[in-house]
Every structure is written in structure tokens, then in C-alpha cells.
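Summary of the model geometry
Here is how the chains run, residue by residue.
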Amino acid sequence: MSLLSAPVPLLRVYWIGLLVILHQLRHRLLSRCPAAPVFPTQNGKVAIVTGGAKGIGYQTVKHLARLGMHVIIAGNSESEGQEAVRKIQEETSSGKVEFLYCDLASMKSIRQFVQRFRAKNCPLHVLVNNAGVMLVPERKTEDGFEEHFGLNYLGHFLLTNLLLDKLRQSGTHSHNARIITVSSATHYVGKLHLSDLQSRCSYSPHGAYAQSKLALVLFTYQLQHLLTANESHVTANVVDPGVVNTELYKHVFWVVKVAKWMTAWLFFKTPEEGASTTIYAAVSPEMEGVGGCYLYNEERTKSADIAYDEELQRRLWTESCKMVGISDKSSRVS
Ligand SMILES: NC(=O)c1ccc[n+]([C@@H]2O[C@H](COP(=O)([O-])OP(=O)(O)OC[C@H]3O[C@@H](n4cnc5c(N)ncnc54)[C@H](O)[C@@H]3O)[C@@H](O)[C@H]2O)c1
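Residues numbered from 1 in each chain as written. Predicted model: local features only at pLDDT ≥ 70, side-chain atom pairs only at ≥ 80, totals over all residues. Heavy atoms only, no water.

**As for the pairing of strand E6 (residues 234–240)**
Of all the 7 residues making up E6, 7 are buried; the element is thus mostly covered by neighbouring parts of the structure. Side chains Val234, Ala236, Val238 and Asp240 project from E6 onto one buried face, and the interleaved Thr235, Asn237 and Val239 project onto a second face that is buried too. In this structure, strand E5 (residues 177–182) lies alongside E6, joined through 6 bridges in parallel fashion. Residue isoleucine 179 lies in a different strand from E6, and its bridge partner there is alanine 236. Where the polypeptide runs from E5 across helix H6 (residues 205–229) and back to E6, its parallel neighbour, the crossover connection is right-handed. (Buried < 20%, exposed > 50% of the residue type's maximum accessible area, 1.4 Å probe, protein only. Helix = DSSP H or I, 4+ residues; strand = E, 2+ residues; numbered from the N terminus. Pairing = 2+ DSSP bridges. Right-handed = clockwise from strand over helix to strand, strands pointing away.)

**Focus on the packing of H6 against helix H9 (residues 310–324)**
Running from amino to carboxyl end, H6 crosses H9 at an angle of 95 degrees, the nearest separation of the two axes being 9 Å. One element, H6, and the other, H9, form an angle in the roughly perpendicular class. Across from Ala215, Leu218, Phe219, Tyr221, Gln222, Leu223 and Leu226 in H6, the residues of H9 making contact are Leu312, Gln313, Arg314, Leu316 and Trp317. For the contact of H6 with H9, the class distribution of residues is 9 nonpolar, 2 polar and 1 charged. (Axes fitted to C-alpha atoms, helices over the stretch in contact; angles between N-to-C directions. Parallel < 35°, antiparallel > 145°, perpendicular 65-115°, else oblique. Contact = heavy atoms within 4.5 Å. Nonpolar A, V, L, I, M, F, W, Y, C, P; charged D, E, K, R; others polar.)

**Some details on a nonpolar patch on the surface**
On the surface, Phe253, Trp254, Val255, Val258, Trp261 and Met262 cluster together into a nonpolar patch covering about 770 Å² of accessible area. For valine 258, the location among the structural elements is in helix H7 (residues 254–267). Judged by its relative accessible area of 37%, valine 258 falls in the partly exposed class. (Patch = residues over 30% accessible without salt bridge, like charges linked within 9 Å, V, L, I, M, F, W, Y side chains within 5 Å. Areas by Shrake-Rupley, 256 points an atom, 1.4 Å probe, with all protein chains shown as cover. Salt bridge = Lys/Arg side-chain N within 4 Å of Asp/Glu carboxyl O.)

**Points about unusual backbone geometry**
One non-glycine residue, glutamate 231, lies in positive phi territory at about 55 degrees. Here glutamate 231 lies in the loop between H6 and E6. For glutamate 231, a relative accessible area of 69% puts it in the exposed group. A positive phi is found at glutamate 298, a non-glycine position, where the angle reads about 60 degrees. Residue glutamate 298 is classed as partly exposed on the basis of its relative accessible area, which comes to 25%.

**Some words on the nonpolar core**
Core analysis: the largest hydrophobic core is formed by 59 residues, its most contacted members being Ile48, Phe113, Phe117, Tyr153, Leu163, Leu167 and Leu192. Of all the elements in the fold, those that place two or more residues in this core are strand E1 (46–50), strand E2 (70–75), helix H4 (107–119), helix H5 (147–170), E5, H6, E6 and H9. Apart from residues lying up to four places away in sequence, isoleucine 48 is in contact with Ile72, Ala74, Phe113, Phe117, Leu124, Val126, Leu127, Val128 and Leu163. In this structure, Val49, Val126, Ala275 and Ala282 belong to the second largest nonpolar core, which totals 34 residues. (Core = buried A, V, L, I, M, F, W, Y, C linked by side-chain atoms within 4.5 Å.)

**Points about H4**
Residues that lie three or four places apart on an α-helix share one face, since the helix turns once every 3.6 residues. Between its first and last C-alpha, H4 extends 19 Å over 13 residues, near the 18 Å set by a 1.5 Å rise per residue. Inspection of H4 places Met107, Ser109, Ile110, Phe113, Val114 and Phe117 among the buried residues, and these make up the whole buried set. With its buried residues spanning 160 degrees around the axis, H4 presents them on a single face. Structural note: H4 exposes Lys108, Gln115 and Ala119 on the side pointing more than 90 degrees away from its buried face. Looking at the packing, one finds that the buried side of H4 touches E1, E2, strand E3 (97–101), H5 and H9. Positive backbone phi, at 55 degrees, marks asparagine 121, one or two positions downstream of H4. (Expected span 1.5 Å × (residues − 1). Arc of directions from axis to C-beta.)

**A word on the packing of aromatic side chains**
Tallying each qualifying case throughout the model produces 9 aromatic pairs. On the basis of an interplanar angle of 75 degrees and a centroid distance of 4.9 Å, the ring pair of phenylalanine 157 and tryptophan 317 is categorised as edge-to-face. In this pair, phenylalanine 157 sits in helix H5 while tryptophan 317 sits in helix H9, placing the two residues 160 residues apart along the sequence. With centroids separated by 5.9 Å and ring planes inclined at 70 degrees, the aromatic side chains of tyrosine 188 and tyrosine 294 adopt a geometry described as edge-to-face. Of this pair, tyrosine 188 sits in the loop between E5 and H6 while tyrosine 294 sits in strand E7 (residues 294–296), and the two are 106 residues apart along the sequence. You can call tyrosine 188 partly exposed: its relative accessible area is 34%. A relative accessible area of 1% places tyrosine 294 in the buried class. Cation over ring: lysine 87 sits above tyrosine 58, and NZ or CZ is 5.0 Å from the ring centre. (Phe/Tyr/Trp six-rings, centres within 6.5 Å; stacked < 30°, edge-to-face > 60°. Lys NZ or Arg CZ within 6 Å of the ring centre and 35° of its normal.)

**Re the sheet that holds strand E8 (residues 299–301)**
Strand order in the open sheet formed by 8 strands is E3-E2-E1-E4-E5-E6-E7-E8, and the pairing between neighbours is mixed. At either margin of the open sheet sits one strand with a lone partner, and together these are E3 and E8. On average, each strand axis in the sheet is inclined to that of its neighbour by 25 degrees, with strand direction left out of account. Its contacts with the sheet place helix H3 (residues 78–92) against E2 and E3, and it is angled at close to 175 degrees to E3. Packed onto the sheet, H6 meets strand E4 (126–129), E5, E6 and E7 and runs at close to 160 degrees relative to E6.

**Section: the site of the ligand**
In the vicinity of the ligand lie 27 residues, with Asn130, Tyr209, Val244, Thr246 and Tyr249 positioned nearest. In the model, an oxygen atom of the ligand is placed 2.7 Å from a nitrogen or oxygen of the tyrosine 209 side chain. Take lysine 213: an N or O atom from its side chain is 2.8 Å from an oxygen atom of the ligand. In the complex, the protein chains occlude 94% of the 830 Å² of accessible area that the ligand would expose alone. Those elements that provide at least two residues to the shell around the ligand are helix H2 (55–66) and H6. Residue classes in the shell around the ligand are distributed as 14 nonpolar, 9 polar and 4 charged. (Near = heavy atom within 4 Å. Polar contact = N/O pair within 3.5 Å; in protein donor to acceptor, adjacent residues only side chain to side chain.)

That's the geometry; what it means functionally is another story.
This is the structure:
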């Protein structure tokens with residue numbers, strides 16, 4: 001283990017965070033407050049939003065419910081989930097929000113969630129892979145995976161794969177089903193260690209978070225490739241919400257917490273602002289039939305160069321299939 005294996009990822013993550021914050025500030029100062037976009041109603045559509053009880057996910061659920069969607073919050077806290085359902089029902093007068101337990105740090109729990117969802121016999125038009133943790137101390141998921149990689153990435157990898165047939169059945173030529181995955185600007189400084197995906201050789205919370213977010217971008221591009229090859233009426237896009245004032249920062253150094261507490265009103269997006277690109281990807285007519293994009297501030301933008309490496313996308317997909325115990329259908333496509 002090198003002496004620099006912890007400080008270098010830390011500096012990289014703070015550096016990219018600072019750049020995003022400055023960009024957000026410039027955007028806020030220069031742009032006149034645009035009117036919130038109006039999206040078509042979504043009556044009859046069904047969405048799953050992971051981590052929809054708090055932060056960006058909560059705002060996403062609220063907006064989709066307001067548009068008439070039936071939204072299922074997939075989360076690992078029954079009490080927080082039920083509280084979110086109650087609040088959203090009150091605020092939107094929509095009765096079509098519910099909570100289903102799903103711990104993304106447990107492959108068993110994800111499989112049980114999918115079974116319970118299937119038992120409802122309803123379609124699935126939108127899957128939002130939003131839940132996440134950041135900078136958690138070194139620890140493992142129930143299945144023995146490093147927590148950032150296991151929960152942020154592998155959990156969503158398995159969930160998406162188990163729900164793909166539902167999404168395929170629900171999408172049509174003119175109304176594709178949509179998969180939206182929430183990544184982060186930290187993916188730009190992420191490194192994917194294919195030979196040490198679980199960070200066993202050296203652990204840095206910053207490096208592990210950035211790696212999980214880069215993996216989500218690689219996953220989305222490979223997924224879109226497979227969906228296109230199978231002529232599925234399903235699209236997959238990845239979004240970057242910006243730097244948003246949520247509880248995600250609960251594991252940062254106390255000095256950063258104090259700085260955030262004092263300046264968030266100026267430098268950070270609100271959770272509502274942070275959810276806007278996810279909502280855009282989920283319901284905007286402009287995104288109909290469009291997949292394989294990295295979206296930031298409701299616009300397509302370039303992700304890290306490494307994320308376009310098709311060989312890396314394929315290798316990560318194959319490794320991920322082995323880790324979560326599903327068959328690798330990608331080898332039949334490429
Ligand atoms: N806040 C930011 O500045 C920021 C920046 C870039 C990307 N993101 C990403 O946005 C997404 C949402 O984060 P947020 O900022 O709203 O944070 P948050 O902490 O408010 O919300 C995270 C959600 O994930 C859920 N979650 C955590 N562990 C889970 C588990 N084991 N199983 C199921 N759900 C679990 C939490 O319950 C919560 O609802 C995350 O993927 C995060 O990486 C956030």
C-alpha cells in the first residue's frame with residue numbers, strides 16, 4: 001500500500017467538488033431564474049425510485065407523483081419510507097406513492113424486493129437508481145463487498161438486471177421505458193481497479209466513492225449498448241445532480257461539515273434543484289428514445305474519457321455478473 005493511496009483520491013474529490021461548486025455559483029449568478037419546466041402528465045405510469053425517502057430521491061418521487069405517476073420508494077428504512085409516503089401524499093394529494101423495503105447492501109433483500117414488486121402485477125416505466133452512500137468508513141455489505149461498490153454500484157446493477165424484463169414489457173416504440181442512474185462529478189476523478197474492485201489492497205473512502213460512481217457510468221453505457229442490440233424499447237441514461245445540500249455529507253470531516261453548514265445556502269443546490277436533471281431524464285419528451293447520455297443541468301454533456309472505453313465497460317459487466325450471480329448475456333451480443 002502506497003503512502004499516497006488515501007490523500008491523492010481525497011484531494012482529487014475535493015478538487016472536483018470545488019470546481020462544481022464554482023460552476024454552480026457562476027450559473028446561479030449569471031442565469032435569470034428560469035421558470036420550472038412543465039412536463040406532460042404521467043397518469044398510468046409506474047416508477048421505482050431507490051432511496052426516495054430523503055434528499056434528491058424524495059424530491060424526485062414528489063415531482064413524479066405530482067405528475068400522476070404511481071411511485072414506489074425502494075428504501076432500507078421502513079419508518080423513513082412511510083413518513084416520506086405520508087408527506088408526499090399530503091403535499092401532492094396523490095395517493096399513488098408507496099414504500100417497499102429494499103436494502104441495496106443485501107443481494108437477498110434486492111431479490112425479495114423484486115419478488116414483492118412482481119407480485120403487484122403492475123408495469124414498470126421508470127427505474128431511478130438514486131440511493132447511495134458517501135465516504136463511509138471501511139466496511140462490508142452483507143455479501144462481503146466494499147460498501148460503496150456493493151451498495152452504490154452492485155446493488156443497482158442487480159436491481160436493474162432483475163427488473164429488465166418488466167421494463168422491456170412496459171416500454172413501447174413511442175414511449176420507451178427509462179432507466180435513470182444517479183452518478184456524480186466525482187466519477188471524473190474515479191479510477192476503476194478491475195483487479196481490486198473491493199479496495200482490499202488499499203482503502204480510501206474518497207477513492208471508493210469515486211470508483212462506485214465511475215462504475216455506474218460504465219454500466220449505463222454498456223446497458224444502453226445491450227438494450228440497443230436487443231431492440232428493446234428501454235433507454236438508459238446517467239445523471240449528475242451537482243453538489244446538493246443533503247444528508248449525503250454526514251461522513252465528511254467535521255471542518256467540512258461546519259463550512260457546508262455556513263455556506264450551503266450560497267454554494268449548494270437545494271434537493272429540489274438537485275432532482276431536476278433526474279426528473280428531466282425520467283419524463284421529458286426531449287429524452288424520448290434517447291439513451292446512453294450523461295446529463296448535467298438538464299443537458300447532455302461529456303463524461304470522463306475512460307467511461308467510453310468499451311472494453312472496460314464489457315469487462316466490468318462480466319465481472320459484475322459473476323459477483324451478483326446472474327448469467328452474462330452481454331457475451332452473446334458483442
Ligand atoms: N448530494 C450531493 O451533493 C450529490 C452529488 C452527486 C451525486 N449525488 C448522488 O445522489 C444520490 C442521492 O443522494 P442524496 O444527496 O439525496 O443523499 P441522501 O443521503 O439524502 O439520500 C440517499 C438515499 O439513499 C438511501 N440509502 C442509503 N443506503 C441504502 C441502502 N442500503 N438501501 C437502500 N437505500 C439506501 C438513503 O436512505 C437515502 O434515502 C446518491 O446516489 C448520491 O451519490 C449526490
